[in-house]
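Report on the structure
As a plain string of letters, each chain reads:
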Amino acid sequence: MSKIKLSQVKLIVGLGNPGQQYAKTRHNAGFWFVERIARDFNLDLAFEKRFHGLVGRGQVHGHDVRLLLPQTFMNKSGESVTPFVNFYNIANDAMLIAHDELDLSVAQMRFKTGGGHGGHNGLRDIVPHLGADFHRLRLGIGRPANKSQVSNYVLGIPSSDEKISLDLMLDEAMHQLPNLLNGEFDKVQQAINGFKLPN
């Protein structure tokens, strides 16, 4: 496995759509992860108009971490992430973006650094402004059998069984948070990419 450049993550972005009607939909898996962090570490998420997003900051496993949930709708995520990153002068290798991933089975995960947008509308709107060399946490939601159903699928609510699996996935992502914040990206990649649901 190639060594991943050591750096410290200072910003964790979750991608999703704003509003209660989207809160439980598959496309909001990135939101779920950041909301977990905020909840577990008692960090308030407050709307900041200049960043078009919910913003939080605080101590997470001994590290000063900023959180961002764009409130621009998925395909305009860059309109939130770009001004935030520029204002706080956050380098790409100090940013993790968590997002749903159609190309992974339900509850599979991948941690990677760099790469294209892979057809993800949120990443598609961020990469042209900031480049692609940030860390990504790809949260598998599976893919519908019929390509024409993708939009309805990502904006649909997971079944109860899927939800249990997705919660276990997020549990493991949270378990790897200390390693992530310590810059132990090889360890994170090995654990995240090798994660399997219990039998």
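Going by an unreviewed UniProt entry, the chain carries the name Peptidyl-tRNA hydrolase and comes from Moraxella macacae 0408225. Per its UniProt entry, the chain bears the Subcellular location (unreviewed entry) comment "Cytoplasm". Recorded under Catalytic activity (unreviewed entry), the UniProt text for the chain is reproduced unchanged: "an N-acyl-L-alpha-aminoacyl-tRNA + H2O = an N-acyl-L-amino acid + a tRNA + H(+)".

The next subject is the nonpolar core. One finds Ile12, Phe33, Leu137, Leu139, Leu177 and Leu180 to be the most contacted residues of the largest nonpolar core, which totals 38 residues. With residues up to four places along the chain from it excluded, the contact list for Ile12 reads Phe33, Val34, Ile37, Val65, Arg66, Leu67, Leu68, Leu96, Leu177 and Leu180. The next biggest cluster of nonpolar side chains, apart from the first, holds 19 residues, and it includes Leu11, Met74, Ile126 and Phe134.

All right, on to the UniProt feature "active site" (unreviewed entry) in the chain then. Summarizing the sequence annotation, UniProt attributes the feature "active site" (unreviewed entry) to His27 in the numbering used throughout. Looking at where His27 falls in the secondary structure, it is placed in the loop between strand S1 (11-14) and helix H1 (29-40). Contact partners of His27, with chain neighbours within four places excluded, come to Leu15, Gly16, Asn17, Met74, Asp100, His120, Val154 and Leu155.

The next subject is the environment of Lys112. Mapping Lys112 onto the fold places it in strand S6 (residues 109-113). Judged by its relative accessible area of 28%, Lys112 is partly exposed. With 87 residues separating them along the chain, Lys112 and Thr25 place their C-alpha atoms 24 Å apart. Not counting residues up to four positions away in its chain, the partners in contact with Lys112 are Phe134, His135, Arg136 and Arg138.

On to the packing of aromatic side chains, then. Taken as a whole and assessed by the stated rule, the structure comprises seven aromatic pairs. Ring geometry for Tyr22 and Phe73: centres 6.0 Å apart, planes at 85°, overall edge-to-face. Highlighted residues: Tyr22 in the loop between S1 and H1 and Phe73 in the loop between strand S4 (63-70) and helix H2 (78-88), separated in sequence by 51 residues. For Phe73, a relative accessible area of 38% corresponds to the partly exposed category. Seen in terms of ring centroids, Phe84 and Tyr88 are 4.9 Å apart; in terms of plane orientation they differ by 55°. Their pairing is tilted. Of this pair, Phe84 and Tyr88 both sit in helix H2, separated by four residues, roughly a single helical turn. The exposure class assigned to Tyr88 is partly exposed, which follows from its relative accessible area of 24%. One aromatic cluster in this structure is built from Phe51, Phe84, Phe87 and Tyr88. Over the ring of Trp32 we find Lys163; its NZ or CZ atom is 5.9 Å from the centre of that ring.

Thresholds, definitions, all that
Residues numbered from 1 in each chain as written. Predicted model: local features only at pLDDT ≥ 70, side-chain atom pairs only at ≥ 80, totals over all residues. Heavy atoms only, no water. UniProt positions renumbered as here; feature names shortened; annotations may be inferred. Core = buried A, V, L, I, M, F, W, Y, C linked by side-chain atoms within 4.5 Å. Buried < 20%, exposed > 50% of the residue type's maximum accessible area, 1.4 Å probe, protein only. Contact = heavy atoms within 4.5 Å. Helix = DSSP H or I, 4+ residues; strand = E, 2+ residues; numbered from the N terminus. Phe/Tyr/Trp six-rings, centres within 6.5 Å; stacked < 30°, edge-to-face > 60°. Lys NZ or Arg CZ within 6 Å of the ring centre and 35° of its normal.

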